[in-house]
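Descriptive analysis of the structure
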Amino acid sequence: GEKIQIKVIGLHNAKVYKYLPITHRASPLKSVIETTVRPSELAASAAGTLVHQSGRTLKASSVKEGHEFNGFVAEVKHPQKEGHTGAPFVNVALGPKLSGKFYVTHVTGSYDVVSHPENHFFIGQPLRVKAVRAARDGKSLTVQPIGDLSGIPALPASSEDLPVGTRVAGTVHTIGDTSMTVQISIAQSDKPSKDSDDEDDDSKNKSRQFIRGFVNRFQVSDTLADKPFAAYKVGQLVDAVVVPKGKDVESASKFSPVDLSLRPSMVHPESTKPSDIVDPVVMRASDLHEGQVIHGVVARTTDVGCFIEVGNHVRVRALISELSDEFVRDVKAEFPRGKIVKAIVTNVDKAQDRASVSLKASRIGGGDGDSKYRRLEQVEVGEKLKGTVTRIEEYAVFIKPDDVYVTGLCYDKEIADSEAPVDPRQLYEIGD
């Protein structure tokens, strides 16, 4: 009920948001009288004079970089929650005909804030922002909040402010078959950062800089997958942790200031059970121990064996005699580059940081806690087994036991108690 003095600006068309002359004929249902209570406007004595009229009709195309505004949060959007890619952003009302926009990832590296921006930016919240540039359509501005945002962690100034173990939010930039890069915002600066990527459109502006983190296929999940990046899209928001840089095997890692991990056990260690980690992190070959069963990816196959990548830039060797229990006619065809294999560590040279493995099923067995398949050393003399005939020769029968990773050989003299000659080919068929 308070009585106040106001000054009429004009009619405001709520549908198209345009100022109209006070004499304009319009339906009162669609238009209202626009007013102001600015002291400077009320103090102007001349009738019909508006002191700040130019600011009310300001267009994005005429705003200079660095111009500061007092604005209000008009909308908070999270594309991924609507089934789209892209980082969440905030629309800011700067005037009756002017709006601004900033991505939350350009304000903070906190995944908690970026993933739930509605908990930190609310409709009507006042913000002091400065113009970065006009949008391509010329109708809005890209802006940057200035001043302290209470309760929101600031962006890192450079990769040096991202020590190992730092949790950070980013967006997927590129996706390859064996690696992925993630774009991370760093703080504003009047000087170009040595970590910024000039190829990015935003990084050309001195107020916006990025670095890119490298994600190896072993740092995506706690279980090694054939297509580790199939679930990711360019522009997708991700939660990552900075990890130590591995050996310089992947050339892409040389051009990324930081290595990242998306493993749940690294990002959320407090909620990860040991049983959830099928393939643990291997940073050095010396981290392995004899008898350990691991998974890896064939990196190279030669006439003497295979080199297998088992961790972040870590390779071990399997000699050709340790590739299979059965004869392999074409080793390179059987173990092509990129094939995921299961192996058991047979030797570790900690001084040289090297390890050897075997791919033989008879040595690997069924793994810990698996009683279905056993290793050769777990079979006892005199034990009765059931198996399937896999090969028949004049002198013997080859039998594959049902629960053991070995092949059994039964000579003709062990087929019957009779001393008369026995022809296995007359007694058995493959598949018996």
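Residues numbered from 1 in each chain as written. Predicted model: local features only at pLDDT ≥ 70, side-chain atom pairs only at ≥ 80, totals over all residues. Heavy atoms only, no water.

Under an unreviewed UniProt entry, the chain has the name rRNA biogenesis protein rrp5 and belongs to Linderina macrospora.

Here the focus is the environment of Leu155. Along the chain, Leu155 turns up in the loop between β8 (141–145) and β9 (167–175). For Leu155, a relative accessible area of 13% gives the class buried. Leu155 sits 47 residues away from Thr108 along the chain, and the two C-alpha atoms are 4.7 Å apart. Apart from the residues within four sequence positions on either side, Leu155 is in contact with Thr105, His106, Val107, Thr108, Gly109, Ser185, Ile186 and Ala187. (Helix = DSSP H or I, 4+ residues; strand = E, 2+ residues; numbered from the N terminus. Buried < 20%, exposed > 50% of the residue type's maximum accessible area, 1.4 Å probe, protein only. Contact = heavy atoms within 4.5 Å.)

So, on to the sheet that holds strand β19 (residues 387–392). Here we have three strands laid out as an open sheet, ordered β19-β20-β21, and antiparallel in their pairing. With one partner strand each, in any of the chains shown, β19 and β21 (408–411) form the two edges of the open sheet. Across the sheet, the mean angle separating the axes of adjacent strands is 30° when strand polarity is ignored. As defined by bridge partners, strand β20 (residues 396–401) adjoins β21 across four bridges and the pair is classed as antiparallel. (Pairing = 2+ DSSP bridges. Axes fitted to C-alpha atoms, helices over the stretch in contact; angles between N-to-C directions.)

Once that is clear, we can look at the nonpolar core. Note that soluble globular proteins tend to have their nonpolar side chains buried in a common cluster. If you look at the biggest cluster of nonpolar residues, it comprises 23 residues, and the most contacted ones within it are Phe69, Leu94, Phe102 and Leu141. Elements supplying a minimum of two residues to this core: β4 (68–77), β5 (89–95), β6 (98–103), α3 (111–115), β7 (126–134) and β8. Sequence-distant contacts of Phe69, that is, excluding residues within four places in its chain, are made with Leu58, Val63, Leu94, Leu98, Leu127, Arg128, Val129, Ala131 and Leu141. In this structure, Val282, Val314, Ala318 and Leu323 belong to the second largest nonpolar core, which totals 21 residues. (Core = buried A, V, L, I, M, F, W, Y, C linked by side-chain atoms within 4.5 Å.)

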